[in-house]
Amino acid sequence: MAKNGSISSSVIKRLPRYYRFLGELKKQGVDRISSRELSALMKLTASQIRQDLNCFGGFGQQGYGYHVDELHGEIGKILGVDKHFKTILIGAGNLGRAIATHINFETRGCRLIGIFDINPDIIGKSVGNLQIRHVDEIEDFCRENSPAVAVLCIPKATTQEIADKLVSLGLKAFWNFSHYDLSIEYENIVVENVHLGDSLLTLTYGANIIDNSD
Ligand code: NAI
């Protein structure tokens, strides 16, 4: 079993990428792969891969490489994909609807069970197989269903208040898109603040370097 108590955040950040590549290999029917082949595919060094996976107790065998299905399964366990965390989404506007319909929650350890908004014009409308509920129902819903994860696609100004309420209702993990860097001062709560614009700025940084060297 993996020993994943005190792993560096840079290793943790690479795990979803390993999981995705191994999932693709599995789909292609590849049974095993050497760290050299995996490194060529993922554009990482073989020693980086060995070091990363050693943090969790190895998995590879000298002369054999990695068993794709087994490694995919083990990394999945570390990432919690077998947990099927009950998930709710708050804010069914443009972004919220896109996330609810385009992200495959099921293959990423989450099960979307409720969508909430404040706008009376959209309450009762369907997004995928769920109907948008009024946010006033959220307390009863959480008491009945005990969701663990919340996806926040609401305006910046309401984010902290909603997050505090959700923490009081027992939610433990926040996937926050709301352009407000949520830092919840409670123990045992995890937050992943997502800013697509930051990724674009990383790109423009690279483009800027190329441009300046021309
Ligand atoms: P939108 O205006 O289409 O949707 C926001 C939704 O939140 C609306 O349906 C509104 O009725 C609902 N809402 C407002 N207050 C609420 C409350 N107290 N409880 C429940 N629902 C509430 O906006 P859009 O484009 O979907 O963006 C949503 C948020 O995500 C914005 O804060 C936006 O700035 C941000 N955003 C973040 C991105 C990122 O990369 N992190 C990318 C794009 C948008």
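The structure this text deals with has already been given above.
Reference entry: report on the structure contained in this document. (Residues numbered from 1 in each chain as written. Predicted model: local features only at pLDDT ≥ 70, side-chain atom pairs only at ≥ 80, totals over all residues. Heavy atoms only, no water.)

Thoughts on the packing of helix H2 (residues 35-42) against helix H3 (residues 46-54)
Contact geometry of H2 with H3 gives a least axis separation of 8 Å together with a crossing angle of 105°. On the basis of their axis angle, the class for H2 and H3 is roughly perpendicular. Judged by residue contacts, Ser35, Arg36, Leu38 and Ser39 of H2 engage Ala46, Ile49 and Arg50 from H3. When its residues are assigned to classes, the contact of H2 with H3 shows three nonpolar, two polar and two charged. (Axes fitted to C-alpha atoms, helices over the stretch in contact; angles between N-to-C directions. Helix = DSSP H or I, 4+ residues; strand = E, 2+ residues; numbered from the N terminus. Parallel < 35°, antiparallel > 145°, perpendicular 65-115°, else oblique. Contact = heavy atoms within 4.5 Å. Nonpolar A, V, L, I, M, F, W, Y, C, P; charged D, E, K, R; others polar.)

Description of the nonpolar core
Among the nonpolar cores identified, the biggest contains 21 residues, and Tyr18, Leu22, Ile49 and Ile75 are the most heavily contacted of them. At the level of elements, helix H1 (9-27), H2, H3 and helix H4 (68-79) are the ones that each hand at least two residues to this core. Here the element with the most residues in this core is H1; it accounts for seven residues. With near-sequence residues (within four places) excluded, Ile75 lies in contact with Leu15, Tyr18, Tyr19, Leu22 and Leu53. Core analysis: the next-biggest nonpolar cluster, separate from the first, contains 20 residues, Ile113, Val135, Leu152 and Val167 among them. (Core = buried A, V, L, I, M, F, W, Y, C linked by side-chain atoms within 4.5 Å. Buried < 20%, exposed > 50% of the residue type's maximum accessible area, 1.4 Å probe, protein only.)

A few points about H2
Within H2 the residues assigned to the buried category are Ser35, Leu38, Ser39 and Met42. One side of H2 holds all its buried residues, which, seen down the axis, span an arc of 100°. Seen from the open side of H2, the exposed residues pointing more than 90 degrees away from its buried face are Arg36 and Ala40. In this structure, the buried residues of H2 make contact with H1, strand E1 (32-33), H3 and strand E2 (66-67). Phi turns positive, to about 55°, at Lys43, one or two residues after H2. (Arc of directions from axis to C-beta.)

Section: the site of the ligand
The ligand sits among 22 residues. The nearest are Leu95, Asp117, Phe177, Val194 and Leu196. At 3.0 Å, a backbone N or O of Asn94 approaches an oxygen atom of the ligand. At 2.6 Å from an oxygen atom of the ligand is found a side-chain nitrogen or oxygen belonging to Asp117. Notes on the ligand: free accessible area 860 Å², of which the protein chains cover 74%. Every element with two or more residues in the shell around the ligand is listed here: helix H5 (94-102) and helix H7 (156-168). Class assignment of the residues belonging to the shell around the ligand gives a composition of twelve nonpolar, eight polar and two charged. (Near = heavy atom within 4 Å. Polar contact = N/O pair within 3.5 Å; in protein donor to acceptor, adjacent residues only side chain to side chain. Areas by Shrake-Rupley, 256 points an atom, 1.4 Å probe, with all protein chains shown as cover.)

Focus: the packing of aromatic side chains
Within the structure shown, the criterion is met by three aromatic pairs. When the centroid spacing of 5.2 Å and the interplanar angle of 75° are considered together, the rings of Phe116 and Phe141 count as edge-to-face. Of the two residues, Phe116 sits in strand E4 (residues 110-117) while Phe141 sits in helix H6 (residues 138-145), which places them 25 residues apart along the sequence. The pair formed by Phe116 and Phe141 is uniform in burial state, with each residue classed as buried. An angle of 70° between the planes, with centres 4.7 Å apart, marks the rings of Trp175 and Phe177 as edge-to-face. Judged by relative accessible area, Phe177 falls into the buried class, the value being 11%. (Phe/Tyr/Trp six-rings, centres within 6.5 Å; stacked < 30°, edge-to-face > 60°.)

Looking at the environment of Arg32
Locating Arg32 in the fold gives a position in strand E1. Sequence separation between Arg32 and Tyr66 is 34 residues; the distance between their C-alpha atoms is 5.4 Å.

Considering the sheet that holds E4
As summarised here, the arrangement of the seven strands in space is E5-E6-E4-E3-E7-E8-E9, forming an open sheet in which the pairing is mixed. Each end of this open sheet is capped by a strand with a single partner; those strands are strand E5 (126-127) and strand E9 (190-193). Both strand E8 (residues 173-176) and E9 contribute to a ladder of four bridges, which runs parallel. Paired with Ala173 across the two strands is Val190, which belongs to E9. Contacts between H7 and the sheet are confined to strand E3 (85-90), strand E7 (149-152) and E8, with E7 contributing the most and set at about 170° to the helix. (Pairing = 2+ DSSP bridges.)

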